[in-house]
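So you can see what is in the structure, the chains are spelled out below.
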Amino acid sequence: MEINGETKNYIILGNPIAHTLSPAMYNTAFRSLNLNCIYTACQIEPENLGEAVNGLKALGIQGGNVTIPFKEKIIPFLDGVSQESQLIGAVNTLYRKNGELWGTNTDGIGFIRALQSRNFAVQDSPGAVILGAGGAAKAVAVALVVAGMKKLCIINRSKERGTVLAEKIRELGGEAVFREWNDVNIKAALQEYSLLINTTPLGMVPHIEKGPQIDQKWFTPQHFFVDLIYNPRETQLLSKAKAQGCKIMGGLDMLLEQGVVAFEHWFKEKVPREAMVRELERWFA
Ligand code: NAP
């Protein structure tokens, strides 16, 4: 594939961004379909987000993605957002619509597809505890409730974001409680729920040793631990859980699935899924 005057640009915005595997995954997909497109990563400072989005519009960027910490903050700067993003309140995918720059969200559906690939039946599960209440947590929580999960326990550092997310889930007809982030609440949540999902960046490279501090004594083989972090592939939280006999799933499964959905959105053609999987595997070989 040759970059030339007709090459279409796709971009991911985030901070930090050096860890991202999205350029590797999407450029592989472009190459395998012989699409004249290129995908690159941009680290931007929070105070420059509006200018950056205006730049994307002015430059005619075709689409891309948004990651930590901009999934919610980007919404006011876009020309519009899809129904999925309105429901979730966060954007992870950018696309062009009638010449405008719009946002949608593929994290939620990607997360559900990843769980399904592990034979986890959301509608049969009594509930889940979610650590975090940011953009990814919103997508995961909304998708779980829409998929039929009855009860969620949101544990978050800041009370405001946690209560807002719990309230959103109740508005959608789910049962949700907010609990402050402390040992007593985490222990109680692990006694009540078997599925725990870490949606915070705690434990992500380069600070892999700074994962959520949860006492391993509370882990049992009935627990299923999910970490949305995909770098490292297996976080310390997941390694500890695995050592206690728990089932685990890292963020790579969701990265792939949300990427497949985004690709379908952009190109409306068959997604080169196997090539994307091989590329992601290569990074961790
Ligand atoms: P975000 O919107 O910035 O939200 C971050 C969340 O983590 C907030 O709830 C925040 O709590 C909490 N948090 C941050 N630092 C913390 C700390 N030191 N102690 C306790 N809580 C802390 O970020 P995001 O977009 O949701 O992304 C979160 C993570 O999910 C990132 O690691 C991202 O890479 C990962 N992710 C992975 C995928 C995938 O496909 N695998 C998809 C989406 C996201 P406060 O409310 O108190 O600030």
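Our subject is the structure that appears above.
Residues numbered from 1 in each chain as written. Predicted model: local features only at pLDDT ≥ 70, side-chain atom pairs only at ≥ 80, totals over all residues. Heavy atoms only, no water.

What follows is about the pairing of strand β2 (residues 37–43). Bridge count for strand β1 (residues 8–14) against β2 is seven bridges, and the pairing is parallel. Counterpart to Gly 14 in the pairing with β2 is Gln 43. Handedness of the crossover is the feature at issue here: the chain leaves β1, passes through helix α1 (residues 22–32), returns alongside β2, and the resulting connection is right-handed. (Pairing = 2+ DSSP bridges. Helix = DSSP H or I, 4+ residues; strand = E, 2+ residues; numbered from the N terminus. Right-handed = clockwise from strand over helix to strand, strands pointing away.)

Mapped onto the fold, Lys 138 is located in helix α5 (residues 135–146). By relative accessible area, which is 13% here, Lys 138 ends up buried. In this structure, Lys 138 is in contact with Glu 72, Ile 88, Gly 89, Ala 133 and Leu 165, ignoring residues within four places of it in sequence. (Buried < 20%, exposed > 50% of the residue type's maximum accessible area, 1.4 Å probe, protein only. Contact = heavy atoms within 4.5 Å.)

All right, on to unusual backbone geometry then. Looking along the chain, the bond that leaves Ile 68 and enters Pro 69 is cis, with omega of 5°. Note on placement: Pro 69 falls in the loop between β3 (63–66) and β4 (80–81). Following Val 205, the chain continues to Pro 206 via a peptide bond in cis, the omega torsion being 5°. If you trace the backbone, Pro 206 turns up in the loop between β10 (195–198) and β11 (224–227). Although it is not a glycine, Asn 98 adopts a positive phi angle of roughly 50°. Here Asn 98 is to be found in the loop between β5 (93–97) and β6 (100–104). Judged by relative accessible area, Asn 98 falls into the exposed class, the value being 77%.

Time to look at the nonpolar core. If you look at the biggest cluster of nonpolar residues, it comprises 35 residues, and the most contacted ones within it are Phe 111, Leu 115, Ile 130, Leu 144, Leu 152, Ile 197 and Val 226. For this core, the elements supplying multiple residues, two or more each, are α4 (107–117), β7 (127–131), α5, β8 (151–156), α6 (159–171), β9 (175–180), β10 and β11. Broken down by element, this core gets its largest block of residues, nine residues, from α5. Ignoring anything within four residues of it in the chain, the contact list for Leu 115 reads Phe 120, Val 122, Leu 144, Phe 224, Val 226 and Met 249. (Core = buried A, V, L, I, M, F, W, Y, C linked by side-chain atoms within 4.5 Å.)

Residues Leu 87, Val 146 and Leu 172 make up a contiguous nonpolar surface patch of about 250 Å² in total accessible area. By secondary structure assignment, the location of Leu 172 is in the loop between α6 and β9. (Patch = residues over 30% accessible without salt bridge, like charges linked within 9 Å, V, L, I, M, F, W, Y side chains within 5 Å. Areas by Shrake-Rupley, 256 points an atom, 1.4 Å probe, with all protein chains shown as cover. Salt bridge = Lys/Arg side-chain N within 4 Å of Asp/Glu carboxyl O.)

Looking now at the sheet that holds β11. A sheet is described by the order of its strands in space; here six strands give the open sequence β9-β8-β7-β10-β11-β12, paired in parallel fashion. Each end of this open sheet is capped by a strand with a single partner; those strands are β9 and β12 (247–249). Each adjacent strand pair in this sheet contributes to an overall mean axis angle of 20°, direction not counted. Pairing geometry for β7 and β8, over five bridges, is parallel. By the bridge assignment, Ile 130 is partnered in β8 with Ile 154. Against the sheet, helix α8 (residues 236–243) makes contact with β10, β11 and β12, and its axis sits at roughly 165° relative to β11, the strand it touches most. (Axes fitted to C-alpha atoms, helices over the stretch in contact; angles between N-to-C directions.)

For α8, the full list of buried residues reads Leu 237, Leu 238 and Ala 241. End-on, the buried residues of α8 take up no more than an arc of 95°, which puts them together on one face. Positive phi shows up at Gly 245, right after α8, with a value of about 90°. (Arc of directions from axis to C-beta.)

Between α5 and α6, the least distance of the axes is 10 Å, while the angle of their chain directions is 20°. In terms of orientation, α5 and α6 fall into the roughly parallel class. Relative to α6, the crossing made by α5 is right-handed. In this structure, α5 uses Ala 137, Lys 138, Ala 141, Val 142 and Val 145 to contact α6, whose residues at the interface are Leu 165, Lys 168 and Ile 169. Counted by class, the contact of α5 with α6 contains six nonpolar, no polar and two charged residues. (Parallel < 35°, antiparallel > 145°, perpendicular 65-115°, else oblique. Left-handed = near helix turned anticlockwise from the far one by under 90°. Nonpolar A, V, L, I, M, F, W, Y, C, P; charged D, E, K, R; others polar.)

Turning our eyes to something else, we now look at the sheet that holds β2. Picture the strands of a sheet paired through backbone hydrogen bonds; they go either parallel or antiparallel. Ordered in space as β2-β1-β3-β5-β6-β4, the six strands form an open sheet in which the pairing is mixed. For this open sheet the edge positions go to β2 and β4, each flanked by a neighbour on one side alone. Direction of pairing for β3 relative to β5: antiparallel, over a ladder of three bridges. Paired with Gly 64 across the two strands is Leu 94, which belongs to β5. Strands β1, β2 and β3 of the sheet are contacted by α1, whose axis makes an angle of about 170° with β2.

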